[in-house]
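Structural overview for review
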Amino acid sequence: MSEDVTAADQPEVPAEGGIVAEVARMSPAELAAHEAEVAEAVAPDREIEVAVGDTLLAMQDVTLQFGGLVALDSVNFEIRRGEILGLIGPNGAGKTTCFNVMTGVYRPTSGQVVLEDRPLGKRKRHEITQLGIARTFQNIRLFGEMTTLENVVVGADARHKTSVLGALARVPRHHREEREAVERGMALLEFVGIADRAADKAKNLPYGYQRRLEIARALATEPKLLCLDEPAAGFNPAEKEELMGLIRKIRGDGYTVLLIEHDMRLVMGVTDRIVVLEFGKKIAEGVPAEIRDNPAVIAAYLGVPDDGAA
Amino acid sequence: MALLELSDVSVHYGRIGALSGISLTVEEGEIVTLIGANGAGKTTTMRAISGIRPLSGGKITFDGEDITKLRADLRVVRGISQAPEGRGVFPGMTVLENLDMGAYARKDRKNLAEDFERVFTLFPRLGERKSQVGGTMSGGEQQMVAIGRALMARPRLLLLDEPSMGLAPQFIQQIFRIITEINQQGTTVLLVEQNAQQALSRAHRAYVLETGSISKTGTGPELLADPSVKEAYLGVA
Amino acid sequence: SARTDTNSGGDSGSGAAAPSKPADAADPKGDGKATCSGVSLAYAGTINGGNAALGQNILWGVKLAVQQHNEANKGCQVDLKQFDTEGSPDKAPGIVTQVISDPKIIGAVGLPFSGESKAAGPIFEQAGLVHVTPSATNPDLATHGWKTFFRALGNDAVQGPAAAKFITENLKAAKVCVIKDDSEYGKGLAKAVSDALGSKLTCSDDVKTKQTDFAAVVGKVKSANPDAIFYSGYYQEAAPFATQLNDAGVKAKFVGPDGVKDDEFVKGAGDASAAAYFTCPCVPADAFTDFFNSYKKLAGQEPGTYSPEGYDATTILLKGIDKGIKDRAGLLDFVKNYDGQGLTKHFKWDDKGELAKTTVWTYKVDNGKIVKNVEIK
Amino acid sequence: MNHVVTFLADGSDWINFDVGALRDQFWNDTIEGLSQGSIYALVALGYTLVYGVLRLINFAHSEVFIFGVFGAYFTFFGLGFRPGPTPELGAGELILYLALALIVAMLVSGATAVVVERVAYRPLRRRGAPPLVFLITAIGASFVLQQILFIWRGGNQERAIRLMRPQEVFTIFGASVTNLQIIIVLASIVLMLIANTFINRTRLGRGVRAVAQDPDTATLMGVNKERVIMLTFLIGGLLAGAAALFYLMKAPTGASYQGGFLLGIKAFTAAVLGGIGNLRGALLGGLILGIVENYGQSVFGGGWRDIVAFVLLVVVLMFRPTGILGESLGKARV
Amino acid sequence: MNAHHTASPPAKVSGMQTMRDKWNSLSRVQQWAVLIPLVVLIYLLPVLNPPLLTTEPNYNFPIAMFDVARYALIAIGLNVVVGQAGLLDLGYVGFFAVGAYVAALFTSPDSMLHKLPYLAVLPLAVVVTMFFGVILGAPTLRLRGDYLAIVTLGFGEMVRLLADQVPALRGNSGFQTVGHPPGTRADGTALFNQTDGKPWYWLAVTLVIGVLLLVGNLERSRVGRAWVAIREDEAVAEIMGVPTFKYKIWAFVIGAAIGGLSGALYAGQIGFVNNQKFDVTTSVLFLAAVVLGGSGNKVGVMLGAFVIAYLPLRFSGIAEYKYLIFGLALIVLMLFRPQGLLGARQRLLAKGREAYQRLLGRPEQISSDSSLVAEPGKEAGA
Ligand SMILES: Nc1ncnc2c1ncn2[C@@H]1O[C@H](COP(=O)(O)OP(=O)(O)OP(=O)(O)O)[C@@H](O)[C@H]1O
Ligand SMILES: Nc1ncnc2c1ncn2[C@@H]1O[C@H](COP(=O)(O)OP(=O)(O)OP(=O)(O)O)[C@@H](O)[C@H]1O
Ligand SMILES: CC(C)C[C@H](N)C(=O)O
Ligand SMILES: [Mg+2]
Ligand SMILES: [Mg+2]
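Remember, it's a predicted structure, so these values are computed and weren't measured experimentally. (Residues numbered from 1 in each chain as written. Chains lettered and ligands numbered in written order. Predicted model: local features only at pLDDT ≥ 70, side-chain atom pairs only at ≥ 80, totals over all residues. Heavy atoms only, no water.)

**Examining the overall build of chain E**
For chain E, the helix and strand inventory stands at 14 helices and zero strands. Buried positions account for 62% of the 382 residues belonging to chain E. Nonlocal contacts in chain E, meaning residues at least 24 apart in sequence, comprise 73% of its contacts between residues at least 6 apart. Summed over its atoms, the accessible surface of chain E is roughly 13200 Å², and 69% of this surface lies on carbon and sulfur atoms. (Helix = DSSP H or I, 4+ residues; strand = E, 2+ residues; numbered from the N terminus. Buried < 20%, exposed > 50% of the residue type's maximum accessible area, 1.4 Å probe, protein only. Contact = heavy atoms within 4.5 Å. Areas by Shrake-Rupley, 256 points an atom, 1.4 Å probe, with all protein chains shown as cover.)

Set out below in C-alpha cells:
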C-alpha cells in the first residue's frame, strides 16, 4: 500500500514534513499514483462493476408512530447499489427519522427495512453498522476528546475482530488490525481532505472539518450504504461546491450514498434519483429533472422560485 | 447615534484569538448582515454582543450605553435578543413553554397572545405541535422554535445566527421575507448568514468577516457585485 | 449469693464495702534507685475514637503509674508512647504494627477492647512484644496460644454467669431480654449471660456498632415485656438505646456490663439511666485513697472503669524495667513469671495469660452518678 | 405464621422471613415510615433541585443538613434547655420554641448551602470544569464542613435535648399516631407544597427549569443564571434545615458531626428512586423509601433495613431506569 | 475550503507541558532507558528510606509504601471504569471488599471453608470479583450515568452490610490470620508477615507494573477506543458499531478484577478482615485519587493515589486536622487544575506514535487540555 503509511520496515521518515509536505512536493504523475493508492486504501475489496443497480436496501411499508404522531407512513422506496439517492422533503417530513429507522435507532411500528434481502428485524445498532449501513448526523456528533485519526479508527474498529483477551495479550491479529486501521484511517482523512489535522482533537476542528470528519468516520466502517444527513448545513456556496465533488468521489469509489439535503443546487447537482417525503409519506420519486418540475413537490417543498433562490 | 456599536472588539478562546479588533455599527432600523467562511468569527461576534462571551479588548455600546461589562441577562432586558447558532431549544420544554421563555424578560405581558399568534401564523407547524417537547422535534422544526422564540421577545435589536440553517427552501424564502417585515415594523436586525445571496439582497449594509477581522463593508448590492465576494461566498466561480 | 443484706439488688443504697489498698500492693515508685535508659512502654487503645472514655480511663491510670515511677526514679526515665486504635478491630492491626516497629518499646498496656485485641494479637505475637490488657474480657482471647497475651482481670466466662445471677437473684427478674452488639465482646458476653439465664431468657436481639435508631429492637423488647434487659455492648450504643426504651415506655430494669459502665452512658441516656445497673470485673477505686487522689490530681477527674487495672498493669511492666530488663524477650519472661500483689488483685498468670482469682462487682446509677453496688460472689 | 429460615452452620438465624411481624406491625411501620420518609423527602428535594439545575450530585448537602441540626440544637441550648429530662412546656411555649428553632435551622442550612455554592462551585463554573471535578469538590466541601463541626464540637454525639415527648394522639388500626409524627408529616408536606408551587408557578421557577436544560440559552432569554443557581441552593438548604429540626426532634441521639452522612445517602437514594430532577418524585421517593424500609425491617430483621432500601432502588431502576416519576429530561435525539 | 480555517491548536507552554512533549518525542528505546532505572529506584524505595520522603517515626515506611502501591493499584482499576469508560462508580470499595473477603474466607482459620494457599487465592479473588462485576453490571449498566452512581454506591454499601448480616462473613469480629505468600527467612519466620512491609511492597509494585502493562495494552486497542467513545457519546458509539453494553461490562469486570486483587493483597498484608473498612468514604477516597491525579491518565491516577495514601501518613503530626486539610486540598486542587494533576489524554492507537510522526512530522497532539480554556457551552454545567 501507500509507502507513506506503511509499517515499521520502512526507512526512517524524512525529518521535515510528513505526508502533507510530501504530497505538496509530488509531481503530477506521482500525485496520480498516490491518489490511486489512497483510493485503494479507502475502498478495499470493492467490486465496483459487479451488481451495480441491484436493490441494496429497501424500505418496505415502513410506518413509525410517536404516540399519535405518524412520522413515517407506509414508506416504500429502494436504494440501488452504486447510486446517489437524494431524500428531500419539508421540515419534519421524516427524513432523519428514515435514517433512524435504517440504523436501528428506532424500530418501525410496522413494515420493515431490508438490507440485501435480509430484514433488519430486531438487530442492535452496532450489528446494523456491521451489516453495512453508516451515517452522519444532522447535528454533528463527534468524539470530541479523541483525535481526528482516532475518530476514524473507531469507525474502522467496526470491522475488527480482535477480542478483549486478544488485545490484552497483543496477539498478531491485533497488530495487523491496528496497522491497517491507521493506514486506512489516514487514507480516509486524506480522501476527505483533512489529513493535516489528524493529530488534533476533534472538538477543536473548524465546523467544516468536523462535517468532513463525520463522513470519513462513517466511511471507515466500510459501509455498503452511506447516509449523509444535511452534510452541507452551515456551508457557504463555495464550500458546498467542494462537497459535491467529494460526494461524487465517494460514489466513484463504489459506495452507495443516501443524501438528505435542503440545498437544491447540491441535491439536483449530485444525485441520480430523488425520493420526496411529506408528512411521513412518499409523494414523489424520480430523477432530478422530474422532481424539479413535479407540481406536488413544488407545492409541498420547493415553493415558487423567489428572487435568486440559492 | 448608532443603536449598536462595536469598537475594536477582540475575543479569545483560551489562547486562540477568534476576533482581533473588529469595529462595526448597526443603526436603528437597519438590517445589517455579517458574512464569512466557517470559523471566521461570526458566531463569536454574536456571542460577544449578547454577552455570553467576554471581550478580551474593545468596547460595545448599545443605545448610547456602554454595555461591555453588562451581564448577559440584563442585555436582554435592554432589548437585545438572539436566536443562537445550534438553536438552543430547551429540550425538556414544550413548544409553548419554549416560546414563553422568549418573553421571559418582557415587562408587557399583555400582548403576548398576539405574539403567539404571529409565530403560529409564521410557522403553522409550531401551532400544530404546541405541546410537543422541544427535544423530539426535527432539526428544522427546532430552528422554527428558535426563531419564534427570539421574536417573542419583541426586541429592539434582533440577532439571528444562521436562521436558514436546516430549513426547507420554502421556509428560507419565508424567513427572509419575515426579516424584512419585522424590520419594517421597527426592529433592528443583525443577521449572520451563509446564504449570502439572500442575506445581502435584503440587507441595508453588510460586513465581510475574514479570520477574525472585517475585510470589507458596504451596502448589500455593493457587496453582491463585488467579484471577490462573489467568488468566495456566492459560489460563482 | 450477692454480698448484700437487702433483697432488692441493693436498691436501698447500702453497697458492699470497697476493698481498700492491700498493704503489699506493688508500687510503681519502687525503691527509687532503678537505672535504665532508652526504654519505652506503649499504651495502645482508643483515645479519640468511639467509646473513647473507656480508653481514657485506662490511659490516665497508665500515665499515673509512669509518672510516679519516673518522679521517683531519676535514673530511669521510661517513655510512654500512646497509640490510638480508635477501639476498632480494623484499625488496630495497622496501629499495632506501628507499635512493634518501634524497637524502643518493650512492653505494652492494651489493647482495651476484645475485638481489637483479637485482630492485633498475632502481631504482638510475631514481634514477641508482651502486652497486658487491663480490660479486654472475651474469654477466647486466651485460647489462641499467644505467648505475649496477659489479662489483668477476670473474663466474661466469669462476668456472664455473675451478671445472670445478679439479674435473677438480686433484681428478681423472671423474664430477661439480652440484647447484644456485633462486637467480639458483646457477642461473647451475651452468650455467657444467656447460657446462665437458661429459661429466664425470654427475648434477644442484635444491634450494630454505631447504630443510632433502635426502633425495631425496642418494639421487640416492648412486646416481650421483660422484667430486665441486659445490654451486652458498649455505652456508645447503649445510651441511645436506653433512651429509646424509656421513650417507648419500657419499664424493665436496664443492666449493662463493663462496656456500658461509664459516665458517658449516664450523660447520654439522661433520664433513662436513672435506674440502670452495671456489672463489671473491675474493682471500685474509691477506697484506694492514695491512688484515687493522685489520679484525680493528674487527670482532673475521678478514676473510672479500669483505671486501677491500667495502673496495675503498667506497674508490673515498670517493675520489670526496674529490674534492668532492656529487651522484649526479657520483659515477656518477667511478666510470664510474675507473682505479686497489685492494687486490685493478686497477679500470677497461667500459661494462657489468665489470672486465677477474680471478682465481679455491680454498680448502679445514683443521682446521676455511678456508684458501687455489691460484689457478686 | 412465623417462618424463620435459617441457613447457617452456626445455627443462629441471620435472616428472618417473618410475614407475621409485618402483619402485626403494618400500620405502625406505615406511620413511622411516613414520618421518616418526610424527612428523607425534604432532604431529597435539595439533591433533586441542585441536580436538576447543575447536573451535580451535591455531596455536601448532607452537611448542609447537619449544620441545620446543630443550628436547631443550639437554639434549644440558647433558650436554656439542656440534655436530660424533658421539660414540661405549655402548648404555646412549645410552638414558639419550635418555630424559633425551625427558623434558625432553616437559615443556618440555607446559608451553608449558599456559601458552599459561592465558595466551591461557582469558581469552577467560571472555569468550565468537567462534571467529575464538581463531584470531587463537593466531596471536599463535605469533608471540610464535617471537620469544622468536628473541630468545634469534637467527635462525640451531642446529647439529646428534647422539648417534647412523643405522645399518642389517636390510633388507626391499632397503631398509635403520635403528635410528633403528625407535626413532622404535616409540616413537611406544607413546606414541599410551597417549594413546588414556587418552582412551577413563578417566573423565577421557569428560569430554574430553563437553566437546568440549557444554561447558556437561558441567559439569552434574560434569565439571571447565577441568581437562579443561588436560589436553587437556598431553597434546597431551607428545606434541609426544616428536615434538620424534625430529625432532631425525632432522633433520641442528638447530633454528631457525621450524623448527616447516612441520612444524606438515604435522601439521595430517595431522590433517585422518585426520579432525580423531579420535585414530586423526591416526595414520593422519600415516602416510599421510608415506608418500605420499615416493612423490610419487620420482615427481615433490623439489620436488613438499609439493604432493603438499596435493593428497592435497584429493582425500581431496573424497571424504570429514570426512577418512578423520572422524565427522560433533555434526552437528545440523534 | 480550508483556506479560511485559521484555528490552529494552542501552543501551551507550561513546564509540565514541555516535559510531556519532550517525553513523547523520545523513541521507545530512549524511553526505556529512562524507565528502567526509575523502576529499579522504585523497587529500592523502602530499603533506601530517603530522609525527606520517609514517614518514620510516625509510620513504618515500608508499610506506608505498600499502602501507596496498593492505592495505586486500586486507582488504576477504578480509572478503567471511571476514567476510560466514563462510568461513575461510587461503590468501588465493594469489589475491594469482595477481594479481601475471598482471601479471608479461603485462608483464615476463622473461616469454615477449605483452606487454600494464598497465592492461589489471588487469582481466585480476581475471578470472583469479575463475577460480581457481571452481577452488578448486567442489570445496571443500562442506567444513565448518575443513576449508575447511586446504584454502585448502594452496591458497595450492600457488600458491607451483608458482611454484617451473614454470619459466615463474621461481621465486626472478622477473620484472623489471613494467609500470605510462602517463604521463610533465615531465622525461620515467614517472609511475608504483618510487620515487614518490604516483601509486600515488592509484590504490590510487581502487580502494579503487570496490571499497568495489561491495561495499557487494552487502552491502545479497539477496546480502549470503544471505552472512550462510549464516554464521549454513547448513542453515537453504538451507531458507529461499538457494542456498548459488552464493552461497558468489560470495563466493569476489569475494574472489578483489579479492585479484587488489591483487596486480597490488602487482606494478606494486614492479616485481618472485618466489615468496618469498606464504607462509602473509602470509595470516595479511591475516586478522589483518580480524579485528583487526572482521570483517564494512568500515571496521573497513580500520582493521585500517592497523594491520597501518602500525605496523611507523612504528615500525621497534623492528624487532627487531617480531613479538614484533605477536604480543602481537594477543593483548591480542583480549582487550579480541574483536569487533575496530570490531565493528559491517553493514547488510543497502538501504532499511533509512529503514524502521527511519520505522517505529519510531529508527535500526536497528546495534550491540548483545554479544560483550562473556558468553553461557553460548558460554563454552567456540572
Ligand atoms: N422522538 C420523537 N418523538 C416525537 N416526535 C418525533 C420524534 N422524533 C421525530 N419526531 C417528529 O417526527 C417528525 C419527523 O422528524 P424528522 O426528524 O424525521 O424530520 P426531518 O424530515 O429530518 O426534518 P428536518 O428537515 O427538519 O430535519 C417531526 O415532526 C418530528 O417532530
Ligand atoms: N469553544 C471554542 N473553543 C475554542 N475555539 C473556538 C470555540 N468556538 C469557536 N472557536 C474558534 O473560534 C473561531 C471563530 O469561530 P466562530 O464559531 O465564531 O465562527 P463562525 O464564523 O461562526 O463559523 P461557522 O460558519 O462555522 O459558524 C474558529 O476558529 C473556531 O475554531
Ligand atoms: C473497656 C472494656 C469495656 C472492654 C470490654 N471489656 C471488652 O472486652 O471489649
Ligand atoms: Mg432532519
Ligand atoms: Mg457560526
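Here the narrative resumes, following the displayed structure.
**Let's talk about the UniProt feature "transmembrane region" (unreviewed entry) in chain E**
Residues and elements named next belong to chain E. Using the residue numbers shown here, the UniProt feature "transmembrane region" (unreviewed entry) corresponds to residues 29–47, 59–80, 87–106, 118–138, 200–218, 249–272, 284–311 and 323–342. As annotated, residues 87–106 has a helix share of 75% and a strand share of 0%, and its two end C-alpha atoms lie 31 Å apart. A distance of 30 Å separates the end C-alpha atoms of residues 118–138, which is 100% helix and 0% strand. (UniProt positions renumbered as here; feature names shortened; annotations may be inferred.)

**Here's the deal with empty space enclosed by the protein**
Residue and element names in this part refer to chain C. If you walk through the whole model with that rule in mind, you get 10 cavities of 30 Å³ or more. The calculated volume of the second largest cavity comes to roughly 100 Å³. Around the second largest cavity sit 14 residues that line it, and Pro 112, Phe 113, Ser 135, Asp 258 and Tyr 306 are the ones nearest its centre. Looking at the lining of the second largest cavity residue by residue, the classes come out as eight nonpolar, five polar and one charged. (1 Å grid on protein atoms, 1.4 Å probe; cavity = no way out; pocket = protein on both sides within 12 Å on 5 of 7 lines; lining within 4 Å. Points joined across faces, edges and corners; volume = space filled by probe spheres on them. Nonpolar A, V, L, I, M, F, W, Y, C, P; charged D, E, K, R; others polar.)

**Regarding the sheet that holds strand β5 (residues 65–66) of chain B**
Residue and element names in this part refer to chain B. Taken in spatial order, the four strands line up as β2-β1-β4-β5 in an open sheet, and their pairing is antiparallel. Single-partner strands in this sheet number two, and they are β2 (16–26) and β5. Pairing between strand β1 (residues 4–13) and strand β4 (residues 57–62): five bridges, direction antiparallel. Of the residues in β4, the one forming a bridge with Leu 6 is Ile 60. The sheet contacts of helix α1 (residues 42–50) involve β1, β2 and β4, and relative to β1 the element is tilted by about 115°. (Pairing = 2+ DSSP bridges. Axes fitted to C-alpha atoms, helices over the stretch in contact; angles between N-to-C directions.)

**A look at the interface of chain D and chain E**
Listed per partner, the contact involves 60 residues of chain D and 55 residues of chain E. Contact between chain D and chain E buries roughly 4900 Å² in total, counting both sides, with carbon and sulfur atoms accounting for 77%. For chain D, the biggest contributors to the area lost against chain E are Arg 127, Ile 136 and Phe 143 of chain D; these three give 14% of the whole. The tally of links from chain D across to chain E stands at zero salt bridges. Here chain D and chain E share three residue pairs in polar contact (both at pLDDT 80 or more) between them. Elements with a contribution of two residues or more to the side of chain D that touches chain E: α1 (19–54), α3 (91–127), α4 (131–153), α7 (215–220), α9 (260–274) and α11 (305–319) of chain D. (Buried area = accessible area lost by both parts, 1.4 Å probe. Salt bridge = Lys/Arg side-chain N within 4 Å of Asp/Glu carboxyl O. Polar contact = N/O pair within 3.5 Å; in protein donor to acceptor, adjacent residues only side chain to side chain.)

**Topic: the site of ligand 3**
Residue and element names in this part refer to chain C. The environment of ligand 3 is formed by Leu 54, Pro 112, Phe 113, Ser 114, Ser 135, Ala 136, Thr 137, Tyr 185, Tyr 234, Asp 258, Gly 259 and Tyr 306. Contacts to ligand 3 include Thr 137, whose side-chain N or O atom sits 3.0 Å from a nitrogen atom. Here Asp 258 contributes a side-chain N or O atom positioned 2.7 Å from a nitrogen atom of ligand 3. For ligand 3, whose free accessible area comes to 290 Å², the fraction covered by protein is 100%. (Near = heavy atom within 4 Å.)

**Observations regarding the site of ligand 2**
As a matter of local geometry, ligand 2 sits amid 17 residues, with Gly 39, Lys 42, Thr 43, Thr 44 and Glu 85 of chain B nearest to it. Positioned at a junction of chains, ligand 2 has nearby residues supplied by chains A, B and E. Gly 41 of chain B has a polar backbone atom sitting 2.8 Å from an oxygen atom of ligand 2. Burial of ligand 2 by the protein amounts to 82% of the accessible area it has alone, namely 630 Å². Broken down by secondary-structure element, the contributors of at least two residues to the shell around ligand 2 are β2 and α1 of chain B. The residue makeup of the shell around ligand 2, split by class, is eight nonpolar, six polar and three charged.

**So, the coordination of the magnesium ion (ligand 5)**
Residue and element names in this part refer to chain B. The protein atoms that coordinate the magnesium ion (ligand 5) are Thr 43 (OG1) and Glu 85 (OE), at distances of 1.8 to 2.2 Å. Taken together, the residues Thr 43 in helix α1 and Glu 85 in the loop between β6 (80–83) and α3 (95–102) connect sequence positions 42 residues apart. According to the relative accessible area criterion, Thr 43 is buried, its value standing at 15%. Given a relative accessible area of 36%, Glu 85 falls into the partly exposed group. (Donors = N, O, S within 2.8 Å, 3.2 Å for Na, K, Ca; no water.)

**Some thoughts on the domain arrangement of chain E**
Splitting chain E by domain gives domain 1 (58–182 + 190–344) and domain 2 (349–375). Here the C-alpha centre of domain 2 of chain E lies 30 Å away from the C-alpha centre of domain 1 of chain E. (Domains from an automatic or database assignment.)

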